[in-house]
Amino acid sequence: PSTHSAGTTRTFPSDFLWGSATASYQVEGAVHEAGRGPSIWDTFSHTPGKTHNGDTGDVADDFFHRYKEDIQIMKGLGLKTFRFSVSWSRIFPTGTGSPNPQGLDFYHHLADALLEAGIQPFCTLYHWDLPQTLQDKGGWENHDTSKAFADYAGYTAGKLSDNVHHFMTMNEMRTFVDVGNREGRHAPGLKLDDKRLAQLNHHVVLGHGLAVRAIRATVKPGTKVGLAENISATTPVVESPEHIEAAHKALREENASFLTVVQEGRYTDLYLKRLGGNAPKFTAEEMEIIRSPLDFVGINIYQPMYVRADSSEKGYAVVPPPSSYPHMFSPWLNVGPEGIYWGPKLVHEVWKVKEMYITENGASSSDHLTPEGKVYDTDRVMFLRNYLTQLQRGVSEGVPVKGYFLWSLLDNYEWADGYEKRFGIIYVDFATQQRTPKLSAEFYKQVIAKNAVS
Ligand code: GBH
């Protein structure tokens, strides 16, 4: 009898980029080193009651000192690419003014070491860690922050452009706007009303657009510019023509304030109608800047947003998950593999985007070390296998997803959840900084080696 495993036909294109992703404040630590200035996450995490157990990113994975060893781990897994973010306040400790060369050195060395290991660096310029000085002047509510971001982004990308050929302006505008400035559960911990939030949102998308232009003005020819957005991955409840049409409509409306305005240079009529007197002030020139063409779109996908056909004005309705819906170790992380099929497929169809990456996908698990020092995260393996199967479905049908970044390489500082929620495929003992590959690392290594999911 054959012991060969079945299903090795679910292959990816030979140049598919397998990677993993991290963010500065979640992994680096070394918050007082090399001239770094404070960010809103230092302030927030050090404010009592804001994070689980009062956890902070002061040390995190100590990646600032250990990146060389961690790159050896990446190499061992066979990673082709690695996505990191730059801490703005390492480059400009007070947000603007004179750059801090030591800060830039770190990212230069990181990019060099990645290339030396045969790993392509992908760089995000903003993963939520706004310099505190800029927050003191109103943060993203202040129109000047958009300009300051563009100046920082253009400067930094220009300096790194010898070794980095893919830049993303911002990670998940949606999350830092809504969770940070409306719900107050992330830094800077504000609970703005609808009017102020809509104006802040406008400054954020404007900052993105200005940054795209600033980056293009400083980087080497051939450098690609995009973003990484946590889109609402509208997914038809059943794959029938009427629900699929509903998912198309929902994609534009449910992403109206972020990806839609960035793609189309206008807020949708329904968005403006919903806001009424709270709609943001903007000029036609700003809308042109916001719409600056991108070379690629990065999509962070964790859970789907199920939608169905509906005879309302919108033409669709969002279907909230029943309370019995299965989720991973984080209550929000519903398991819905089809989201990674429908999200990119609809972005491609609606906006004719020709180059996409899954800039994040992954899961939390209640990982623990066995007495033998192993981590058997079979639930994370189940999650990844199912999502990758749906990703392969899209790619094999011609959806132009060129790479996949697993969130995350290492267990790290999970924002307001502190160190309680683990997303890594490498287990980190935060007391000793010891790294231990989990079962999911073995799984991912095999996917990469076969360039297939089975
Ligand atoms: C990503 O956000 C982030 O880019 C990354 O930094 C993070 O580590 C990773 O996901 C895992 O969380 O507290 O129940 O209200 C994904 C989108 C938006 C999901 C905020 C969690 C808070 C849920 N996230 N959301 S809850």
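The structure presented is a predicted model; accordingly, all values stated were derived computationally and were not measured. (Residues numbered from 1 in each chain as written. Predicted model: local features only at pLDDT ≥ 70, side-chain atom pairs only at ≥ 80, totals over all residues. Heavy atoms only, no water.)

J.: Help me understand the site of the ligand, please; the structure alone is not making it clear to me.
T.: Near the ligand, the surroundings consist of 16 residues, among which Q26, E172, R185, E414 and W415 are the closest. Contact between the ligand and Q26: an oxygen atom at 2.8 Å from a side-chain N or O atom of the residue. Side-chain polar atom of E360 to an oxygen atom of the ligand: 3.0 Å apart, as the coordinates give it. A total of 580 Å² of accessible area belongs to the ligand in isolation, and the protein chains cover 82% of it. Among the residues forming the shell around the ligand, the class breakdown is seven nonpolar, five polar and four charged. (Near = heavy atom within 4 Å. Polar contact = N/O pair within 3.5 Å; in protein donor to acceptor, adjacent residues only side chain to side chain. Areas by Shrake-Rupley, 256 points an atom, 1.4 Å probe, with all protein chains shown as cover. Nonpolar A, V, L, I, M, F, W, Y, C, P; charged D, E, K, R; others polar.)

J.: Please clarify how the nonpolar core should be interpreted in this entry.
T.: Considering soluble globular proteins, one finds that nonpolar side chains tend to be buried as a cluster. Counting 139 residues, the largest nonpolar core has W88, W140, F149, L391 and Y404 as its most contacted members. Per-element tally for this core: the top contributor is helix α9 (residues 194–218), with nine residues. Leaving out residues up to four positions away in the same chain, W140 has contacts with W88, Y126, L130, T145, S146, F149, M170, F176, L200, H203 and V204. (Core = buried A, V, L, I, M, F, W, Y, C linked by side-chain atoms within 4.5 Å. Buried < 20%, exposed > 50% of the residue type's maximum accessible area, 1.4 Å probe, protein only. Helix = DSSP H or I, 4+ residues; strand = E, 2+ residues; numbered from the N terminus. Contact = heavy atoms within 4.5 Å.)

J.: Would you mind going over the UniProt feature "active site" (unreviewed entry) in the protein with me for this structure?
T.: Here, the residues flagged by UniProt with the feature "active site" (unreviewed entry) are E172 and E360. The greatest C-alpha distance among the residues just named is 10.4 Å, despite their covering 189 residues of sequence, which places them together in space. Tracing the backbone through its elements, the reader meets E172 in the loop between β4 (166–171) and α8 (173–181). Residue class for E172 comes out buried when judged on its relative accessible area of 6%. With near-sequence residues (within four places) excluded, E172 lies in contact with W128, A228, E229, N230, N300, Y302 and E360. Along the chain, the position of E360 falls in strand β10 (residues 356–361). (UniProt positions renumbered as here; feature names shortened; annotations may be inferred.)

J.: What is the right way to read the sheet that holds strand β2 (residues 81–85) from this model?
T.: Note: strands within a sheet are paired through backbone hydrogen bonds, in either parallel or antiparallel orientation. Taken in spatial order, the eight strands of this closed barrel run β1-β2-β3-β4-β5-β7-β10-β11, and their pairing is parallel. For this sheet, the mean angle separating the axes of adjacent strands, direction not counted, is 25°. Relative to strand β7 (residues 296–300), strand β5 (residues 224–229) runs parallel, the two sharing four bridges. Bridge pairing in β7 links G226 to F296. The sheet contacts of helix α15 (residues 378–396) involve β1 (17–21), β10 and β11 (401–406), and relative to β11 the element is tilted by about 170°. (Pairing = 2+ DSSP bridges. Axes fitted to C-alpha atoms, helices over the stretch in contact; angles between N-to-C directions.)

J.: What should I look at first to understand the environment of W41 in this one?
T.: On the secondary structure map, W41 appears in helix α2 (residues 40–45). Given the relative accessible area of 0%, W41 is considered buried. Considered as a pair, W41 and Y25 are 16 residues apart in the sequence and their alpha carbons are 7.7 Å apart. Ignoring sequence-local partners within four residues, the contact set of W41 consists of Y25, W128, D129, H186, A187, Y413, W415 and A416.

J.: How do you make sense of the UniProt feature "binding site: substrate" (unreviewed entry) in the protein when you look at a structure like this?
T.: Sequence positions flagged by UniProt for "binding site: substrate" (unreviewed entry) are, in local numbering, Q26, H127, N171, Y302, W407, E414 and W415. Apart from residues no more than four positions distant in its own chain, H127 is found in contact with A23, Q26, R83, S85, N171, E360, W407 and W415. Overall, the relative accessible area of 4% leaves W415 in the buried class.

J.: I'm lost on the pattern of salt bridges in this one. Help?
T.: Opposite charge on two side chains permits them to pair, given that their charged atoms come into close proximity. Summed over the entire model, instances satisfying the criterion amount to 28 salt bridges. Among the salt bridges present, the one from E360 reaches R83, with a minimum N-O distance of 3.1 Å. With E360 in strand β10 and R83 in strand β2, the pair connects residues that are 277 residues apart, well separated along the chain. With a relative accessible area of 0%, R83 lands in the buried category. Across the pair R291 and E288 runs a salt bridge whose closest N-O atoms are separated by 3.3 Å. Judged by relative accessible area, R291 falls into the partly exposed class, the value being 33%. For E288, a relative accessible area of 41% puts it in the partly exposed group. Within the structure, one salt-bridge network assembled from shared partners comprises D367, D377, R380, D411, R422 and K438. (Salt bridge = Lys/Arg side-chain N within 4 Å of Asp/Glu carboxyl O.)

J.: Just checking my understanding: could you explain α8 for this structure?
T.: Every α-helix carries 3.6 residues per turn, so stepping three or four residues along brings you back to the same face. Burial analysis of α8 places nine of its nine residues in the buried class, which makes it a mostly covered element. All of the buried residues along α8 are M173, R174, T175, F176, V177, D178, V179, G180 and N181. Those residues of α8 that are buried are in contact with β3 (120–126), β4, α9, β5, α10 (241–254) and α11 (256–264).

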